[in-house]
Structures are given as C-alpha cells and as structure tokens.
Amino acid sequence: MNKICLLALRRSYATTSTSTFRAADTIIKKTEHGNPKPDPNKLVFGANFSDHMLTIKHTNASGWEKPVIEPLKPFSIHPAAKVLHYAIEIFEGLKAYRGNDGKIRLFRPDLNMKRMLTSAERSVLPTFDGNELLECIKKLIQVDADWVPRSTSSTLYIRPTLIGTEPTLGVGASNESLLFVVTGPVGPYFPTGFKPVSLLADTFHCRAFPGGVGAYKAGSNYGPTIYVNQLAHSKGCQQVLWLYGNKQHITEVGTMNVFIYLKNKKGSNELVTPPLNGLILPGVTRQSILDLGRTWKELTVSEREITMDELLEAHRENRLLEMFGAGTACIVCPVERIIYEGKEYNLATMNKGAPLTIRFHDELVNIQFGRKPIYLFLQIFVVFCSQPKRVVDRMYISFDRARYCVRRLNGTHEIGCQSSIRGNSGRMYMIDNDQEFHIYLTDKKLIDSFNSFIIVLNVNLFNTYYIDYLMKHLDKKLNGLLLYLKSNLSRPLDFSHDDQCPNNRNSFYLNQTEKINWNSKGTSLFFRSFPFPIMLIDEEDDYKRLIEFYRQFNNSQSSPACGLELKSFQNAAHTTKTCMKRNDISHSLIDLQEIFCDPIGGLNIYSKLPQSIKIKPDQRSLKSVILILVTTDSFQMFLKPKGSTGGVQQPATALITFLTLAHLIGQEQDEFKKQNKEIIFVTLDGDALDYSASFKFMFDMINGYFPIGNKNEQPIKIEHIHSIIEFQSLSMTNELWLHTHPSSLINQTFIDILLRNNPMINLIRPNSPLPPASSQIFLRQTLSLSFPVYILSSTNQNQLLNHYYHSFFDDPSTLSINISTLEYNTTTEISLWIKRIVEPFAQTLIESLVGIKKNVIIKQEIINNLVYCILKNINCPLIHNVTNQSIGNTFKPFDQTSMPFSINTYPISTTPTFPFIKYVLGYFLRDRSYDIQNLTKISCKERAYNDSFCSYTFVDGYAPSIINEKSFSGYCVRSYLRFVQSISPAFIIENYDLSQTTYPAWTESRWTTISLRLFIIPTRTHEIVTLIIGILLTFISFCVLFFLRYYTKISLFQPSSS
C-alpha cells in the first residue's frame, strides 16, 4: 500500500467542536469497475476525477455520521437546500505529489485544515477535528493511489467541500450539512513553460471589504468575480488585479495572492505582499513563499500594504523587479502587463526571465516532490515516510462518548458545572465502593503528593454524602469528577438528582406550609453549582478501557500515574440577568453578535377537531373548552449528543397515552359533534424547570393570544375553560391515581363514570396536595376559582413511583422493553397497558359529554407503532405516512434515534420532537370526512388557499387510521394545528427585571469544547531523563546543521544548476 508522507512539522488544527467524526470509523466501499486513467500529458485542470469520493453527513441533532469512502456518483439534493439559495458553502484545494521514489506526499495540509475550520465557523457550518479529516483524506488517496500521476509535473488535486443541505428557504444557519472530498489528476499549470499574464487593475468592482468574507475560502467569494474576469478578457487580459479603497490598495491577483519584488527607496531588495487584514485569503503557497524567502539573506520579506501609486512609482523609477501571483494551482505566475485607468504598463518581470519567481517555483516543486536532500533529512526526524500516529494521540486517550454536566442559570443564581477555559486536569484516582472511598481520604501521603485530583467515582456513590465529603476534605485539590457505570446490570437502584419536591419554587403550594417529598430519593445535585467539571461514562467498553489504563499505570507511587483532563468550559456565569445583558453588549471589533446563553423553552403545540373552530362574530360559550395536557420535556444532569435522554416514564409514556387518546377522539369525531364542548390537546415544552411553558400558556391566554394564528378566530379566555385533564408521570403500574382540585368545582359524574369504566384508577381524596404537574400553574394563576383539574398519574398520594425521575436511566428497560429487539408494529406489555387506559377514558368522555354509552376500540397497531417511533426510532414509517415526502425526509438524519426528551433552547437548538408531535397530532385529529372525498393533490392545495384556519397536506395516509377501505393514491389531510414558542414570559415582557421571581427565567449556557482525555503523569525520574535526552538531541541537531553548512560543497538553499 502506498504511504503518504506529511513533509511538514505537525501543528494543531483540531476544532473546538463538541463532536467530530473519526477516521478510524471510515466505511470503505470500493468500486467494482474503475475508470480508465487519462494520459498524464493531456490532463486539463479540474476535468478528470478519481474513482472514489469521501462523504460525511452532519445534522445539528445527531452530529457527524461515520465517514464513507464510496464510488464517485452524483448527489441527490433537495431543491430548497440552503447551499443552492444562499451559497452556504466552503471549500479547500490541495494536492498530492508522487515523488521519484514512488512515495505520495501532501504539502502543508495542516494549513488547509486550519483555514477550512475558520471558514466553517464564519459560515456557521459544523466544525470538526482537522486531524481526522486529514486522516480520512489519506485513506481516500490510498484507495485511489493509482490516480496519483506517475509524473514529475502532474499531481492529484484534492477538493474538500462543506455545504449546507437543510431543505428550508429561511435565511439562517443550516441544520444539515454535507462534507465531501473529490480528487482528480491535474497537469502542470504551464505545460510548455512559464506564460506571464496581463492584468486589468479594476477600480470599480470590489472583491472583498472589511468585515466581509474575503479572508475565507467560501464559494460566494468566487462566483461574483467571473463577470469582472470576463471584462478583463475583453480587454486582452487574463486576470484581474483586485484593488480596494480610495488609495487603490493592491489585494489579490485573480484567485491568487500577489507578490511584488522591488528595490525600495533605501536601496535594498524587498519582497512585498499585502498583510492578512481581513481582505486577503491566507494562502498556503503564500505562507510557504514567506517562510522560504525569509531564509534568503539577499532580500527582505514584508507583509505590508502597497498601493497602485507605489507600484507605478517603482515601475517609473525602474525599481520594480518582478511581480507574480501565487496559489495552489500554478504555484507562481509572473505578471508582465497591467492595464490601469485606460493605460498599459509593461512591467520588468520578464526582462531577465523572472529569476526570483522561477526560484520560488523550483524550490517549492522540489520540496513537494521530495527532491531536496534537506527535506529527505527532515523526513527521518519528522515523519520517516510512514503514517505515524499523531503526537497528540500518543499523549492522550480520548473518550468521546462521555456524558457531561453544563451550566444553567435563573434570575438569582447559577447551577451545574464547568471547567476552566483550558480544562481541568489532575491525578486520576478510582473509587469503586465505600471502603475504597474512606481508604483514599485517610491516605494523607498520597493526597499531599499531588496538587490536584480527578476522582473517578462509581455512579452508585454519586450522592450528597460522598460529594460533600470529597469537597470538604480535598477542597481545591478536587479538580473534577468522573463517574462511571460498569454495565447496565450495575446501574443504581435509584438515580434522581432533581429535588425531593420537584418544581417546589413555582408550584401551586408555593405559599402553603404543606409540602410532600414526592421524589424522596432526589439528591438536588442538579440544582447545585459546582466549581469543577463532572462527567460520566456509561459505555461498558469505555469503562474497560479506563480501568485497563488505571491498573497498568497506578501500581505504585514510584511508577507513572494516570491523569485525566476534563474540558467543559461554559460561556455564561452568575445569573440569567447578567448573562442576557452580556448578550446585548455589542463589540465594534466583532462582526457577529456574541451569545453567552439562551432562554430555555421549546414549542407549545395545540390541536383540536377542525369542525369546532369559532370564527368572529360567533361567540364562544362560557365553560366550553376542555384542555387535555401533557409535557414533552425532561432534564438530565448529564448530557450526551447521541445518547439516551431518558424520559421514558416521564414524559414519554404519558405522551404516547395522550396521542393515542387524540386518535380515538379523532376516530369518534362524529359522536363529539353532538355536544358543544371543544376538546383541545396541548403539549407543553419547558415545564421540567419551574413550569415555564405553563406560565407562557397562561400568559398568552390572559392577554388574548390563545389560540394564535388567525385574528378572525375567537380567542379563548380563562372564563371559557370548562376543565383541564392532564396525563403525568405514567409508569406501567397495576394501579393509577386520579388527583383532582378544587373539590368545589370537580364534576363528580365524570369521576364516577371514569372509575366505573376503569377499575385500575383510584381516586385521591379531593383537595389533597397535587403531585408535580403543569396543572398547578393553571390553578395558581386563577386562584383555583375558575375550573377543575384532573391529573391521571402513577403517583399515589405521596410518592412518585419512578426511581429514575429526570435521569437518563429512565429508559425503555424500566418498562421491561428490550429496545434492541423492538420492531415496528410489535405488541409489548406497555402498548397493551396503554390500550387498557385510553379506551375507557375515551368512553368516559363520550358518556359524560354526549350522554351515550359506546364501546370504543383502537387498533393495537396504532399504539404499537407510537411506542416504537417514540422509544426507538423517530424516523419510522408512521411519520412518513402522515406527512408528505419532503417533510418525511427531514426525519432521515434521526434514523434509529428515539425521541429526545431534554431541556430545549428552541430555535437555537433543534429537535425532531416538535415536528413529530405536530404532524402526528394534527393527522390523528384531522377532519376524517376528507378521507373519503378522493381529492387530488391539486384540489387539496386549492382548498388550502380558501381556508386560512386549517392546514392541508396531501399524504399517502396511515393505513391503520384510515376509515375508508378503498385504495386511493393519496389523501388530503385537513387539520387544525397551532404552535407557539414556550419561553417564559420573563423574556417577552418589555423591561422585565429578570431578577424578579414572578416568572421563571431559566437560561442555558453556551459552550464550545467538551472533551475527556486520559494521559500519563511521569515520575520525577522520567522527567529528568526526558530533559537530558532532549538536550542531547538538540546538541546533535546543531552539530549536524553545522556540518551541512560549512563542510558540504553544495548549498542546499540555492537553486540547482541543472
């Protein structure tokens, strides 16, 4: 296999992104039939391509997918992809060179990676580890090694490109991206020798401007220059000399950097190129010429501004020696003529054959093809013509799947954890049980021998007792915590770091003395502020790697020890009020607004049967609206981009129950037309932290903003609410409990019918304390004087039955579901359990509202599929059947991903939760009379034009829910659907003091880097030996250079005489 040598000193060009792809995960799919190789002597730049390409997909929700090397093929891209409309695209250009020794080399690719990352950040495209992309490119070149020309002049051109592919027309950052690399053989830029070019010095058009993107390799920089280049061609010039400003500063030549070699007024030879001031692209060839030129004593290299006046003055005074452009494609390109303001200036570049230009060309080509002895010598010391493992990989072992704790703030304080900006590191010490814990804390000699520790703690010991004990005894020496889970079999019996009385700061009972510890095992650690980072590894193989290194190096104090570095610096601090003020501060030196934190909240979504719309001037009757509520968010102390978010018992089971009931209401809509109550299904996102979403819902209702969407629809006020029904904290229990309040308003008939229809339900004594539920805020805001609430829950009179409340351990296994074997339309115990709840509940609604007894049945398949979609794979057939193709495609990046239940900062962070709920809920509550009308796609669209109250979507139809047995090509779905952002009113009310506690004011900090790395701490002896070896190698290097400088006849720094 061909080996690719990197003939440049290694530099750091890794991203600060929280996630990246890994070259080690690359999937290689080789073509069975390669294309014929072109003649190396007849190559045209950019016209031929190798057999394979590299592709890596990215979504904001799931991060980077695995790199794939596959046969070169066209892309399938949505017409609304952002790259096609707003040029959200960046690229790079570099080459692979095959030397006379047959080895393939890359020339300074570290600079390309660094530039590509800065371009990605400027274009708000996802960043990555440049080291990993380079390793992927090497793998691609190895696969297509035969495409690297066996020529002394031709090369393999490499084009990495990153584009925004999200199919939406809104101007904004792309949530979906594609990174790809194509390669192809190219010939020499000047196949018959140097051909100097003529330039049109354009005084009207501008290539770049301060604060723009001239310093970035973005596609949008190049398209607009083509027109000006054609103007140059019409005047007999090959390229454009780009100028800027009133003084006509010289910036670039075409797509190249520009160099001017002149004799300055002091009489010395000076090589001048414009500085990197934001207008100039930091070219790799430009930097190489600067580095090389500074080793030559006969000239001075300057990065400074130079104007057309200075250039022409030097030309008139015969001080202008040469002028040339520099870039990857041509290396160097001499300039012999300029047209400026209608006059032609014949430059002196070619008078003596452009010796400096040729010298730079030959030096760089010899380096790129590995011909110069000095660089062959450096190969031995730097890379030894192999594929060495990077130094950083030898120094650190990364754990990329670790969970991490972040910083959150409210109006009065901050909670969570973070590291310093450089990360926290210390000697690793592992504690597995209580005995080891106390042994460590009594080992004063060990503790005194190190300045800082990262304690690696069994997750079963993560509670207030052990944490407080560590913080007290280690004090500032405690530099971080890493928790570990050995395996799923060793998970704790209880793991909840919410309060014992969740959301007690904003409950209905805020000002009352009665307080119940519903979550008795809660530690409240989530709501504490830690001065160090805390992370958790829950992958069994990560634990095995960790324990392997720990046992290998921590045998004694005389041997090297393991150290850990935890990096999770958070941008926000102090309080929400402080952070939001920092967000509003503008910096004259920063182009983009700097954001430190984002308000917490997602979307409140509501839907109902379309037939119940009240349009002005029709008046809505008092007590005519029933709200059915469920929450869609949860929180975990430890986040993980691609890991389980938990939330199965709360809120997932309740959400599945809620959607199942919506389907039954839609299925029986003809019965509900016989009564005068509107049943509105509402999902609330943001209630996990102090009921922010409920506060927003009530704020909208009180101020006449509910429902939103059409000013002609009658608003719903508090006096219109008949009752509230809420599903909350449902576990697969044999009994359920119905909590009600207040006793003076509850409908005893409704309760009696419900208890009769479902013996599983027990009634909690009226006016008893309510468990954590959104309804508490509805009662609090109305002083319990307007309507009753009914909360159906697995929570009895004093205890939540979920041992993993608000924890990532609240996963499908808590419901006895083997997620690895769960398939679409598989009947499980939980789906049967939900059916036993929902059918009697729907019967109760019909009987109590319509006055008839009816046995309603839902197809088991519907519940089965909801369980599968929400708990295992949100990109399931159901979502594709209830939407059109373009919407369905947006779920493909989330394939094999369960619905995430977490704290949201919509729209900054996106989640598939909201679109899934919107489309499924709207479909289940659709106007089913349209199912049998056999409308075409065109007629469905026409209906949408004439109805501003409902949405219309033409879909294939979800077979289990279609009432018509005939086979149609598609269905027109008419549904009523509204959604509104659910951030707290604290962020909406003008001039609201965020330090007040009237409304919750939670924000989440932004961060840039999350990493967990293991390293080896050497002993004192190792450090001394390493120092001595370093001094000896330095001395030997000086001796070798001295010998080469004074005892060799051939100067390695002069061009070859041949």
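Source: prediction; values computed, not measured.

(A) Broad picture of the pairing of strand S15 (residues 269-273). Across the five residues of S15, five count as buried, placing the element largely inside the fold. The two faces of S15 match: Asn-269, Leu-271 and Thr-273 on one face and Glu-270 and Val-272 on the other face are all buried. Direction of pairing for strand S14 (residues 256-263) relative to S15: antiparallel, over a ladder of four bridges. What sits directly across from Ile-260, in S15, is Val-272.

(B) Quick peek at the nonpolar core. Membership of the largest hydrophobic core comes to 80 residues, with the highest contact counts inside it found for Leu-661, Phe-681, Ile-870 and Phe-916. Ranked by residues supplied to this core, first place goes to helix H15 (residues 648-667) with eleven residues. Residues in contact with Phe-681, not counting those within four places in the same chain, are Ile-605, Tyr-606, Ser-607, Ile-628, Phe-658, Leu-661, Ala-662, Ile-665, Leu-921 and Leu-925. Ranked by size, the runner-up nonpolar core spans 69 residues in total, among them Tyr-404, Leu-457, Phe-495 and Phe-549.

(C) Summary view of the UniProt feature "transmembrane region" (unreviewed entry) in the chain. Summarizing the sequence annotation, UniProt attributes the feature "transmembrane region" (unreviewed entry) to residues 1024-1044 in the numbering used throughout. The distance separating the terminal C-alpha atoms of residues 1024-1044 is 31 Å; by composition the span is 100% helix and 0% strand.

(D) Fine view of the sheet that holds strand S20 (residues 397-398). Here we have eight strands laid out as an open sheet, ordered S20-S40-S28-S24-S25-S26-S27-S21, and mixed in their pairing. Of all the strands in the sheet, the pair left with one neighbour each is S20 and strand S21 (403-404). As defined by bridge partners, strand S26 (residues 478-484) adjoins strand S27 (residues 534-537) across four bridges and the pair is classed as parallel. Note on S27: the bridge partner recorded for Leu-481 is Ile-534. Running at roughly 130° to strand S24 (residues 424-431), helix H10 (residues 434-441) makes contact with S24 and strand S25 (453-458) of the sheet. Packed onto the sheet, helix H13 (residues 540-553) meets S20, S24, S25, S26, S27, strand S28 (561-567) and strand S40 (1011-1017) and runs at close to 90° relative to S24.

Rules behind the numbers
Residues numbered from 1 in each chain as written. Predicted model: local features only at pLDDT ≥ 70, side-chain atom pairs only at ≥ 80, totals over all residues. Heavy atoms only, no water. Buried < 20%, exposed > 50% of the residue type's maximum accessible area, 1.4 Å probe, protein only. Helix = DSSP H or I, 4+ residues; strand = E, 2+ residues; numbered from the N terminus. Pairing = 2+ DSSP bridges. Core = buried A, V, L, I, M, F, W, Y, C linked by side-chain atoms within 4.5 Å. Contact = heavy atoms within 4.5 Å. UniProt positions renumbered as here; feature names shortened; annotations may be inferred. Axes fitted to C-alpha atoms, helices over the stretch in contact; angles between N-to-C directions.

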